[in-house]
Amino acid sequence: AQTVTQSQPEMSVQEAETVTLSCTYDTSESDYYLFWYKQPPSRQMILVIRQEAYKQQNATENRFSVNFQKAAKSFSLKISDSQLGDAAMYFCAYFFYGGSQGNLIFGKGTKLSVKP
Amino acid sequence: EPEVTQTPSHQVTQMGQEVILRCVPISNHLYFYWYRQILGQKVEFLVSFYNNEISEKSEIFDDQFSVERPDGSNFTLKIRSTKLEDSAMYFCASGQGSSYQPQHFGDGTRLSIL
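An account of the accompanying structure is given in this report. (Residues numbered from 1 in each chain as written. Chains lettered and ligands numbered in written order. Predicted model: local features only at pLDDT ≥ 70, side-chain atom pairs only at ≥ 80, totals over all residues. Heavy atoms only, no water.)

Okay, the overall build of chain B next. When its secondary structure is counted, chain B shows 0 helices and 11 strands. In chain B, the order of α-helices and β-strands from amino to carboxyl end is β-β-β-β-β-β-β-β-β-β-β. Here chain B has a C-alpha radius of gyration of 13 Å; the compact-globule value for 114 residues is 13 Å, and the two agree. By its C-alpha atoms, chain B is 40 × 25 × 25 Å across when sized along the principal axes. The buried share among the 114 residues of chain B stands at 45%. Put simply, of all contacts in chain B between residues at least 6 apart along the chain, 54% involve residues at least 24 apart. Counting every atom, chain B has about 5,600 Å² of accessible surface; 44% of that belongs to carbon and sulfur. Each charge sign in chain B was given a centre, from 9 positive and 14 negative side chains, and these centres are 3 Å apart. (Helix = DSSP H or I, 4+ residues; strand = E, 2+ residues; numbered from the N terminus. Rg over C-alpha atoms; globule rule 2.2 N^0.38 Å. Buried < 20%, exposed > 50% of the residue type's maximum accessible area, 1.4 Å probe, protein only. Contact = heavy atoms within 4.5 Å. Areas by Shrake-Rupley, 256 points an atom, 1.4 Å probe, with all protein chains shown as cover. Lys, Arg positive; Asp, Glu negative; His and termini not counted. Charge placed at Lys NZ, Arg CZ, Asp CG, Glu CD.)

What follows is the structure, given as structure tokens:
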């Protein structure tokens, strides 16, 4: 069964600094998708960034980028120039589309605090 | 940008009562999902729905749960006889049905069972 592990329950970063959130996953599939979702205190689920496993190039969305290491099954999120609004829970998620339509499998999340 | 809309935002219900959580997916999406997040825990998959039937369901989605698409726009989750442990945030999500599936989530319904 596929699993997603986020080993850092909490992280803290100074405003304007850079922080990296870790995520590892376990799968026997070769073609899948990985996502980072942000959940602010309002508890919305906001898509931050996504990565297709067949692409070697790491995805980037403005201040957010990933380090995707397929062989190591690692998918970390880097937030550059951290802002107060980045404070939230961050969930790593795995998606495999095959047979049935599939579903997202989430990690337990990392709570990010941003210090002014 | 199109959004997934969920109502109500907060539902308080007595244990044993039935609740219906409502969702309006993005209009051109074909795949619909319900997820649950118990406070302080990770988001868990409940069920996926396509072409007017359940595609996949988790162990959590037992006989007390049902889903329905009563018309062309709404997608509902019914919990027949609520239990205290059903208290959670319930998220609806929808996707376009390609193999590239950035599921779009609604803002969630906070269900509190008393």
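Anyway, onward from the coordinates.
Moving on to the nonpolar core. For soluble globular proteins, nonpolar side chains are generally found buried alongside one another. If you look at the biggest cluster of nonpolar residues, it comprises 25 residues, and the most contacted ones within it are Tyr25, Trp36, Ile49, Phe75, Leu77 and Tyr90 of chain A. Examining the composition of this core, we find that 4 residues originate from one element, strand E10 (residues 88-95) of chain A, more than from any other. Once residues lying within four places of it in the same chain are set aside, the contact partners of leucine 77 of chain A are Val19, Thr20, Leu21, Trp36, Ile49, Phe64, Ser65, Val66 and Tyr90 of chain A. Membership of the second largest hydrophobic core comes to 21 residues, among which are Val19, Val67, Leu77 and Ile79 of chain B. (Core = buried A, V, L, I, M, F, W, Y, C linked by side-chain atoms within 4.5 Å.)

Turning next to the state of the cysteines. All names here are of chain A. One pass over the full model with this rule turns up 2 disulfides over all chains. Linked covalently through their sulfurs, cysteine 23 and cysteine 92 form a disulfide whose S-S length is 2.0 Å. Looking along the S-S bond of the cysteine 23-cysteine 92 disulfide, the torsion reads about -70°, which is the left-handed sense. Of this pair, cysteine 23 sits in the loop between strand E3 (19-21) and strand E4 (24-26) while cysteine 92 sits in strand E10, and the two are 69 residues apart along the sequence. Assessed through its relative accessible area of 2%, cysteine 23 is described here as buried. What makes cysteine 92 buried here is its relative accessible area of 1%. (Disulfide = S-S within 2.5 Å.)

Take the interface of chain A and chain B next. Each side of the interface is counted separately: chain A has 22 residues, and chain B has 27 residues. Roughly 2,200 Å² is buried in total at the junction of chain A and chain B, and carbon and sulfur atoms are behind 53% of that figure. On the surface where chain A and chain B come into contact, there are 0 salt bridges. For the side of chain A that touches chain B, the elements supplying multiple residues, two or more each, are strand E5 (33-39), strand E6 (46-52), E10 and strand E11 (104-106) of chain A. (Buried area = accessible area lost by both parts, 1.4 Å probe. Salt bridge = Lys/Arg side-chain N within 4 Å of Asp/Glu carboxyl O.)

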